[in-house]
Amino acid sequence: VRAHGSPRVLDVGCGSGRVGEFVLDAGAAEYVGVDFSEPMLELARERLGRYGDGVSLLQGDFLEIDLEGPFEVVLALGFFDYIRDPEPFARRMGDVCASTLVASFPGWNWLKGPVRKVRYEVVHRVPIFDYTPPQIRRLMTDAGFSRVKIDSPGSGFLVRADR
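Just so it is clear, the model here is predicted, and its values are computed rather than measured.

Draft legend 1. Spotlight on the nonpolar core. Ranked by internal contacts, the top residues of the largest apolar core, which has 33 residues, are Leu-10, Leu-67, Val-74, Phe-80, Met-93, Phe-105 and Met-140. Apart from residues no more than four positions distant in its own chain, Leu-10 is found in contact with Val-32, Val-34, Phe-62, Leu-67, Phe-71, Val-73, Val-74, Leu-75 and Val-96. The next biggest cluster of nonpolar side chains, apart from the first, holds 12 residues, and it includes Leu-24, Tyr-31, Leu-48 and Leu-57.

Draft legend 2. Here's a closer look at the packing of helix α3 (residues 86-96) against helix α5 (residues 133-142). At their nearest, the axes of α3 and α5 sit 8 Å apart, and the two run at 45° to each other. In this view, α3 runs oblique relative to α5, as classed from their interaxial angle. Every pair of crossing elements has a handedness; the one defined by α3 and α5 is right-handed. Of the residues in α5, those in contact with Pro-86, Glu-87, Ala-90 and Arg-91 of α3 are Leu-139, Met-140 and Asp-142. Among the residues making up the contact of α3 with α5, the classes are represented as 4 nonpolar, no polar and 3 charged.

Draft legend 3. The pairing of strand β6 (residues 147-151), seen in detail. Going residue by residue along β6, you find Val-148 and Ile-150 tucked away on one face and Arg-147, Lys-149 and Asp-151 left uncovered on the opposite face. Where β6 lies against strand β7 (residues 156-162), 5 bridges are found, and the strand directions are antiparallel. Residue pairing in the sheet places Val-148 in a bridge with Ala-161 of β7. Joining the antiparallel neighbours β6 and β7 is a turn of 4 residues.

Draft legend 4. View of the sheet that holds strand β2 (residues 30-35). Taken in spatial order, the 7 strands of this open sheet run β3-β2-β1-β4-β5-β7-β6, and their pairing is mixed. Bordering the open sheet on either side are β3 (55-59) and β6, each of which pairs with just one other strand. Ignoring strand direction, the axes of neighbouring strands in this sheet form an average angle of 15°. The sheet contact formed by β2 and β3 spans 5 bridges and is parallel. By the bridge assignment for β3, Val-34 is matched with Leu-58. The strands touched by α3 within the sheet are β1 (8-12), β4 (71-76) and β5 (97-106), with β5 carrying the most contacts at an inclination of about 150°.

Draft legend 5. Representation of the pairing of β1 within the structure. Counting buried positions over the 5 residues of β1 gives 5, a clear majority of the element. Side chains Arg-8, Leu-10 and Val-12 project from β1 onto one buried face, and the interleaved Val-9 and Asp-11 project onto a second face that is buried too. Sheet topology places β1 next to β2; 5 bridges connect them, and they run parallel. When the sheet's bridge partners are listed, Leu-10 is paired in β2 with Val-32. For the crossover from β1 across helix α1 (residues 18-25) to β2, the handedness is right-handed.

Draft legend 6. Focus on α1. Those residues of α1 not exposed but buried are Gly-20, Val-23 and Leu-24. Within α1, the buried residues cover an arc of 95° as seen down the axis, which keeps them to one side. In α1, the exposed residues that point more than 90 degrees away from the buried face are Arg-18, Phe-22 and Asp-25. Turning to α1, the residues buried within the fold contact β1, β2, α2 (38-48), β3 and β4. Within two residues after α1, Gly-27 carries a phi angle of roughly 110°, on the positive side.

Reading the values: the criteria
- Numbering of residues begins from 1 in every chain and follows the order in which that chain's sequence is written.
- Side-chain atom pairs in this predicted model are given and counted only at pLDDT of 80 or more, local residue features only at pLDDT of at least 70, and totals for whole chains, interfaces and linings cover all residues.
- The side-chain numbers reported here are obtained from all heavy atoms of the structure, hydrogens and water having been left aside.
- The definition of a nonpolar core used throughout is a set of buried Ala, Val, Leu, Ile, Met, Phe, Trp, Tyr and Cys residues joined through side-chain atoms within 4.5 Å.
- For the exposure calls, accessible area comes from a 1.4 Å probe over protein chains only, and a residue counts as buried if that area is under 20% of its type's maximum, exposed if over 50%, partly exposed in between.
- Note on contacts: a residue pair is in contact if any heavy atoms of the two residues lie within 4.5 Å.
- Simply put, an axis is a line fit to the C-alpha atoms, just over the touching stretch for a helix, and the angle between two N-to-C directions goes from 0 to 180 degrees.
- Strands here are runs of E lasting at least two residues and helices are runs of H or I lasting at least four, both read from the DSSP assignment and numbered beginning at the N terminus.
- Any angle from 65 to 115 degrees is called roughly perpendicular, while one under 35 is roughly parallel, one over 145 is roughly antiparallel, and all others are oblique.
- Definitions for this section: a left-handed crossing has its near helix turned counterclockwise from the far helix by less than a right angle. A right-handed crossing has that turn clockwise.
- In this classification, the charged set is Asp, Glu, Lys and Arg, the nonpolar set is Ala, Val, Leu, Ile, Met, Phe, Trp, Tyr, Cys and Pro, and all remaining amino acids, among them Gly, are polar.
- When DSSP finds two or more bridges between two strands, those strands count as paired.
- When the strands point away from the viewer, a crossover counts as right-handed if the path from the first strand over the helix to the second runs clockwise.
- The reported arc concerns the directions from the helix axis to the C-beta atoms and nothing else.

What follows is the structure in structure tokens.
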């Protein structure tokens, strides 16, 4: 039984569960983390084990994994950096989100951009992607969100999209 106002939270690309700690400490009734990396989920299990039954960690592709939504809050922090084709992911987030999506998006920056590209794409052979505010706004509205707020606290963007 959930306390009134205690949200169910889905964290897409939850990694080691760092954000989950903050979410659960803030009063989330349930935290569901999805990640494709089993080693990262093992770290999340260790980190979030003390929260008991309020935590579910699922390994798999977010586009294919079975989720029992809706979730009042969907998080995608540090996720879109690595997504070549973000539209299906944003649409799926919209499908399972009852209220609010909070996501981060990298943006090109002439100071950090070249270093970031070399570090990820050349050294680690991991492609990364950058976004502009118009791209983000279109992505969110196409996914069914009616209000999109984009802040730029640093070299990227923090987005709140509401139904």
